[in-house]
Amino acid sequence: MNVTDYHIVDLSHTFFPGIPHAEDMPEESTKKIYDFEKDGFQAHYYGFAGQWGTHVDVPIHFVEGGRTLDQILPSELVLPLVVIDCVAEAESDSDYLMSPEKVLEHESAYGRVPSGAFVAMKTGWSSRWPDPQRMSNKDSSGVAHFPGWSVEAAQLLLKERKVLAFGHEPTDTDGGMKVTADNFECEDYILRQNVYQVELMASMSGIPPVGSTIVVGFPKSLGGSGFPARLLALVPKV
């Protein structure tokens, strides 16, 4: 593969204190512990939850005894990228959940989702970044409204298409209304299938529905359940 044959697109947000995140996660903090004036070099100490910013969740995040960050294989980090475009649905219904029918609609236009793919749900929700209020989209009763995956769509992709990873732009896998009710059934289902997911992906604008490759990078933390991730899409030049 010649990398010059590809556009390399960053699918990760820059992280810093105050960005949108799951409400039960603490804020990130950064402290400069060495600086040029005093020490001749610079270094920082970072404090953050593993589920911070654009991040990867691995099975042990929800499944006791599940695989950890250091147990994800290198072969699972460079995958065919399938982008299912749900922008129109999310614009008309902020509580939209991707259905199996949407997956089949995508396949009728672009072909069957390949085994071993990374499937990303494109909703345009990342255009709201980094405003926490717009990302959570809460109503006057405090109920969040953002799109997500349905368990049925995940079942189709995992059981019949054998995909290896999922990704989406909002803070959670399940839609906002479900998250408000502490219902994480789809995230739980996905991680129980021994695959991983990436949350808070950056804009997928310009990424074609099929034909690209995604490279997922994160530290190899012993026993880790999640970590900020750097995602790169390799999009073939035409």
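Presented here is an overview of the structure given in this document. Computed from a predicted structure; not experimentally measured.

Cut-offs used in this document
Residues numbered from 1 in each chain as written. Predicted model: local features only at pLDDT ≥ 70, side-chain atom pairs only at ≥ 80, totals over all residues. Heavy atoms only, no water. Disulfide = S-S within 2.5 Å. Buried < 20%, exposed > 50% of the residue type's maximum accessible area, 1.4 Å probe, protein only. Helix = DSSP H or I, 4+ residues; strand = E, 2+ residues; numbered from the N terminus. Pairing = 2+ DSSP bridges. Axes fitted to C-alpha atoms, helices over the stretch in contact; angles between N-to-C directions. Arc of directions from axis to C-beta. Contact = heavy atoms within 4.5 Å.

1. Structural notes on the state of the cysteines
Then comes step 1: One pass over the structure, following the stated rule, counts 0 disulfides.
Then comes step 2: Distance from the sulfur of Cys86, which forms no disulfide, to the nearest cysteine sulfur (Cys186) is 12 Å.
Then comes step 3: Looking at Cys86, the relative accessible area reads 0%, which means it is buried.
Then comes step 4: Take Cys186: its relative accessible area is 0%, and that puts it in the buried class.

2. Overview of unusual backbone geometry
Of all residues except glycine, most have a negative phi; of all peptide bonds, most are trans.
Then comes step 1: Here the residue pair Trp129 and Pro130 is connected by a cis peptide bond, since its omega of 5 degrees sits within 30 degrees of zero.
Then comes step 2: Structurally, the position occupied by Pro130 is in the loop between strand S7 (118-122) and helix H4 (132-136).
Then comes step 3: The phi dihedral of Asn194 is positive, around 70 degrees, even though this residue is not glycine.
Then comes step 4: Among the secondary structure elements, Asn194 is positioned in the loop between helix H7 (185-192) and strand S10 (196-199).

3. Focus on the sheet that holds S10
Then comes step 1: The mixed open sheet is built from 9 strands, whose spatial order is S1-S13-S11-S5-S7-S9-S10-S4-S12. The sheet terminates laterally at strand S1 (6-10) and strand S12 (226-228), the two strands that pair on one side only. Taking the axes of each pair of neighbouring strands and ignoring which way they run, one obtains an average angle of 25 degrees across the sheet.
Then comes step 2: Across 5 bridges, strand S11 (residues 212-217) lies against strand S13 (residues 230-236) in antiparallel orientation. The residue bridging Val216 from the neighbouring strand is Leu231, located in S13.

4. Here we look at helix H3 (residues 100-110)
Then comes step 1: Residues Pro100, Lys102, Val103, His106 and Glu107 constitute the buried set of H3. Buried positions in H3, seen along its axis, are confined to an arc of 160 degrees and lie on one side of it. Exposed residues on H3 whose side chains face more than 90 degrees from its buried face are Glu101, Ser108 and Ala109.
Then comes step 2: Considering only its buried residues, H3 is in contact with strand S5 (78-85), helix H2 (87-92), strand S6 (97-98) and helix H5 (151-160).
Then comes step 3: Gly111, located one to two residues past H3, shows a positive phi value of around 100 degrees.

5. So, the environment of Ile33
Then comes step 1: With respect to the secondary-structure elements, Ile33 resides in strand S2 (residues 29-34).
Then comes step 2: Along the primary structure Ile33 and Leu200 are separated by 167 residues, whereas in three dimensions their C-alpha atoms are 29 Å apart.
Then comes step 3: Contact partners of Ile33, with chain neighbours within four places excluded, come to Asp39, Ala43, His44 and Tyr45.

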